[in-house]
Amino acid sequence: MQNLGIQVLFQGNNFLRLCGGLWQSLQIAVISMVLSIVLGMILGIVMTSPKKLVRFLCRIYLEIVRIMPQLVLLFLVYFGAAKHLNINLPGSWAAVIVFTFWGAAEMGDLVRSALQSIPVHQYQSGFGLGMTKLQVYRYVIIPQTVRRLLPSVMNLLTRMIKTTSLVVLIGVIEVVKVGKQIIDSSRYTVPDAALWVYGVIFIMYFAICYPFSRAAAMLDKKIKD
Amino acid sequence: MKQEVILTTKNLKKSYDNEQLVLKDMSFSLEKGEVVVVVGPSGCGKSTFLRCLNMLEPIDSGTISFKDQVIERDRKDAYTIRQKIGMVFQSYDLFPHLTILGNILLAPLKVQKREKQELIQEAEQLLKRVGLLDKKDAYPRQLSGGQKQRVAIVRALMMHPEILLLDEITAALDPEMVREVLQVVLELAKEGMTMVIVTHEMEFAKAVSDRVLFMDQGLVVEEGKPEDFFTSPQTERAKQFLNTFHYEAI
Ligand SMILES: Nc1ncnc2c1ncn2[C@@H]1O[C@H](COP(=O)(O)OP(=O)(O)O)[C@@H](O)[C@H]1O
Ligand SMILES: [Mg+2]
């Protein structure tokens, strides 16, 4: 019988292993995202501060995050922490720290621009109707901000999920790593395993990211009209 | 017969960021049932003045009193007084994430904690009056500018304000929609609503006002009955100002 490449996926528990790897990636992305959203909200409000110095410091943080490739940050935290602080961080922790450091900055900037895009008359109408500051935020500003944020938050999440593929380089066994192991172990029995394994990984990423980016696009359209 | 004075400002001074004074010395009083129209060249401080009356802006010095009670902006009673002073702005300022009914009910429900069923009835009555009952479940983006401004008026009225401040509420509208909005204001005036109105619609100003204030560079330059002010203004600046409208009309 001819050796079908696809069989590599069903040998042993290969498929389950791939799913496990994907789960690891997703965990890192989702935990980082939740932390980023919480910290980003706070950062976003801080970024609208009237104090110039505060805004300047936030700006620097954001620029650093944007200039540094995520990979450099990962190495810095993972190897840097081990070497200079003598802390042996598990790779997945290092990944969560780096992704949160990155996500919080991006999220903060999104929250800032969403807050600033609310016209000043929205606040004034609220106050003009006798609402307190808290009521104006609760019933007028925050609902509008959240709507404006949803699409970009989804985009950030998909970017984060995709970027998790980097963590293989600091030793985290995520989906790409598992894929590599499968390919290596079946190098002689199934020569074209790489095609099949990476194909499946591609479909897995797609299946996860596509709904998010569709939802983002739809929300974006809905908000614009 | 002397009417009750409900709103007074004494020597009101106001600047933004401690720069030049935008309001230099505004002393003003408003009687119950009176309709005062404020006119003046753009940038002379009309909007700032209205926002100060509603304590949306901090002031540098002077006092604002509501029914003989001096109001401090940063004290709690500023919020209470604000409920009694409704305001409608030039830009369409409905809350875009709420339906028309949602917009109208929000403040009476959350601020005044009134009963919902009763509020809905009142809202529907008012919407019917301005010809927009069929729009109550629509969102602001589905309405024309003129319709939005009528809703904004209804939203302010739902708080049962004692004074209504209108800041160029037709300035951003297409000409054919100006009338439907001003008609509503004229009716309110007829019913005895106390109002301070900033407008560039001189015919409307003439028709609606009991008194006209002409402002220039942060000061009241001339004040008088509309029939006097519009036909024979006393100051040179008022003459010039009214002339600009004359040319526009030709
Ligand atoms: N929020 C603000 N911050 C700084 N300056 C302002 C602000 N609002 C108005 N001004 C300035 O105050 C002056 C009066 O403005 P405004 O009250 O809007 O005049 P008007 O309504 O008569 O056109 C203008 O010179 C304007 O540039
Ligand atoms: Mg103005």
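- Looking at an unreviewed UniProt entry, one finds chain B named Glutamine ABC transporter ATP-binding protein, with Lacrimispora algidixylanolytica as its source organism.
- UniProt, in its Sequence similarities (unreviewed entry) section for chain B, records the words "Belongs to the ABC transporter superfamily."

- In the annotation of an unreviewed UniProt entry, chain A is listed under the name Amino acid ABC transporter permease and assigned to Lacrimispora algidixylanolytica.
- Word for word, the UniProt comment on chain A under Subcellular location (unreviewed entry) is "Cell membrane".
- Chain A has a UniProt comment under Sequence similarities (unreviewed entry) that states "Belongs to the binding-protein-dependent transport system permease family."

## Brief notes about the packing of aromatic side chains
Residue and element names in this part refer to chain B.
Piece 1. Under the definition given, this model contains eleven aromatic pairs over all chains.
Piece 2. Measuring from centroid to centroid gives 5.4 Å for Phe-28 and Phe-49, while their planes differ by 85°, and the two rings are edge-to-face. A residue pair is termed long-range when its members are at least 10 positions apart, and Phe-28 in strand 2 (residues 21-31) and Phe-49 in helix 1 (residues 46-53) qualify at 21 residues.
Piece 3. Owing to a relative accessible area of 5%, Phe-28 belongs among the buried residues under this scheme.
Piece 4. For Phe-49, a relative accessible area of 0% corresponds to the buried category.

## A short note on the UniProt feature "domain: ABC transmembrane type-1" (unreviewed entry) in chain A
Piece 1. Per the UniProt entry, the sites bearing "domain: ABC transmembrane type-1" (unreviewed entry) are residues 22-209 of chain A in this numbering.
Piece 2. Taken end to end, residues 22-209 of chain A is 80% helix and 0% strand, and its two terminal C-alpha atoms sit 12 Å from one another.

## So, the sheet that holds strand 4 (residues 61-66) of chain B
Residues and elements named next belong to chain B.
Piece 1. If you walk across this open sheet you meet the four strands as 2-1-4-5, and the pairing is antiparallel. What marks the edges here is a single partner per strand, and that holds for strand 2 and strand 5 (69-70).
Piece 2. Judged from the two bridges that link them, strand 4 and strand 5 form a sheet pairing that is antiparallel. Across the sheet, Phe-66 pairs through a bridge with Gln-69, a residue of strand 5.

## Notes on the interface of chain B and chain A
Piece 1. Facing the 24 residues of chain B at the interface are 19 residues of chain A.
Piece 2. Between chain B and chain A, a total of about 1800 Å² is buried, with carbon and sulfur atoms accounting for 63% of that surface.
Piece 3. For the chain B face of the interface with chain A, the top three residues by lost area are B:Tyr79, B:Phe95 and B:His97, together amounting to 30%.
Piece 4. The tally of links between chain B and chain A comes to zero salt bridges.

## A short note on the site of ligand 1
Residues and elements named next belong to chain B.
Piece 1. Near ligand 1 the following residues occur: Tyr-16, Val-22, Ser-42, Gly-43, Cys-44, Gly-45, Lys-46, Ser-47, Thr-48 and Arg-51.
Piece 2. A distance of 2.7 Å is found between an oxygen atom of ligand 1 and a side-chain nitrogen or oxygen belonging to Ser-47.
Piece 3. For ligand 1, the accessible surface in isolation is 560 Å², of which the surrounding protein chains cover 57%.
Piece 4. Broken down by element, the residue count for the shell around ligand 1 peaks at four residues, all from helix 1.

## Focus on the pairing of strand 10 (residues 219-224) of chain B
All names here are of chain B.
Piece 1. Looking at chain direction, strand 9 (residues 211-216) and strand 10 are connected through five bridges and run antiparallel. The partner of Phe-214 across the bridge, within strand 10, is Glu-222.
Piece 2. Hairpin connection from strand 9 to strand 10: two residues lie between these consecutive antiparallel strands, with Gln-217 at a positive phi of about 45°.

## Re the sheet that holds strand 6 (residues 85-88) of chain B
Residue and element names in this part refer to chain B.
Piece 1. Pairing is mixed across the open sheet formed by six strands, whose spatial order is 6-7-8-3-9-10. If you trace the sheet from one side to the other, it starts and ends with strand 6 and strand 10, each paired once. Ignoring strand direction, the axes of neighbouring strands in this sheet form an average angle of 20°.
Piece 2. Alignment of strand 3 (residues 35-39) against strand 9, held across four bridges, turns out to be parallel. In the sheet register, Val-39 faces strand 9, and the bridge partner there is Phe-214.
Piece 3. Across the sheet, helix 5 (residues 145-157) is in contact with strand 6 and strand 7 (163-167); its angle to strand 6 comes to roughly 170°.

## Observations concerning the UniProt feature "domain: ABC transporter" (unreviewed entry) in chain B
Piece 1. Per the UniProt record, "domain: ABC transporter" (unreviewed entry) is annotated on residues 7-242 of chain B.
Piece 2. Strand forms 25% of residues 7-242 of chain B and helix 38%; the C-alpha atoms that close the span are 28 Å apart.

## Regarding the pairing of strand 9 of chain B
Piece 1. A large share of strand 9 of chain B lies buried, amounting to six of its six residues.
Piece 2. Covered by surrounding structure in strand 9 of chain B are B:Arg211, B:Leu213 and B:Met215 together with B:Val212, B:Phe214 and B:Asp216, the residues of both alternating faces.

## Topic: the environment of A:Leu26
Residue and element names in this part refer to chain A.
Piece 1. Position of Leu-26 among the secondary structure elements: in helix 1 (residues 14-47).
Piece 2. Taking the C-alpha atoms as reference points, Leu-26 and Tyr-205, separated by 179 residues in sequence, lie 9.9 Å from one another.
Piece 3. Once you skip the residues sitting within four places of it in the chain, Leu-26 turns out to touch Ile-161 and Ile-208.

## Structural notes on the pattern of salt bridges
Piece 1. In the structure shown here, the tally under the stated rule is 18 salt bridges over all chains.
Piece 2. Between A:Arg159 and A:Glu106 there is a salt bridge whose closest N-O contact spans 3.7 Å. Here A:Arg159 is found in helix 6 (residues 133-163), whereas its partner A:Glu106 is found in helix 4 (residues 91-116), with 53 residues between them in sequence.
Piece 3. Take A:Arg159: its relative accessible area is 39%, and that puts it in the partly exposed class.
Piece 4. B:Arg155 is the salt-bridge partner of B:Asp93, the closest N and O atoms lying 3.6 Å from each other. Separated by 62 residues along the polypeptide, B:Asp93 in the loop between strand 6 and helix 3 (100-110) and B:Arg155 in helix 5 bring together distant segments of the chain.

Criteria and cut-off values
- Residues numbered from 1 in each chain as written.
- Chains lettered and ligands numbered in written order.
- Predicted model: local features only at pLDDT ≥ 70, side-chain atom pairs only at ≥ 80, totals over all residues.
- Heavy atoms only, no water.
- UniProt positions renumbered as here; feature names shortened; annotations may be inferred.
- Phe/Tyr/Trp six-rings, centres within 6.5 Å; stacked < 30°, edge-to-face > 60°.
- Helix = DSSP H or I, 4+ residues; strand = E, 2+ residues; numbered from the N terminus.
- Buried < 20%, exposed > 50% of the residue type's maximum accessible area, 1.4 Å probe, protein only.
- Pairing = 2+ DSSP bridges.
- Contact = heavy atoms within 4.5 Å.
- Buried area = accessible area lost by both parts, 1.4 Å probe.
- Salt bridge = Lys/Arg side-chain N within 4 Å of Asp/Glu carboxyl O.
- Near = heavy atom within 4 Å.
- Polar contact = N/O pair within 3.5 Å; in protein donor to acceptor, adjacent residues only side chain to side chain.
- Areas by Shrake-Rupley, 256 points an atom, 1.4 Å probe, with all protein chains shown as cover.
- Axes fitted to C-alpha atoms, helices over the stretch in contact; angles between N-to-C directions.

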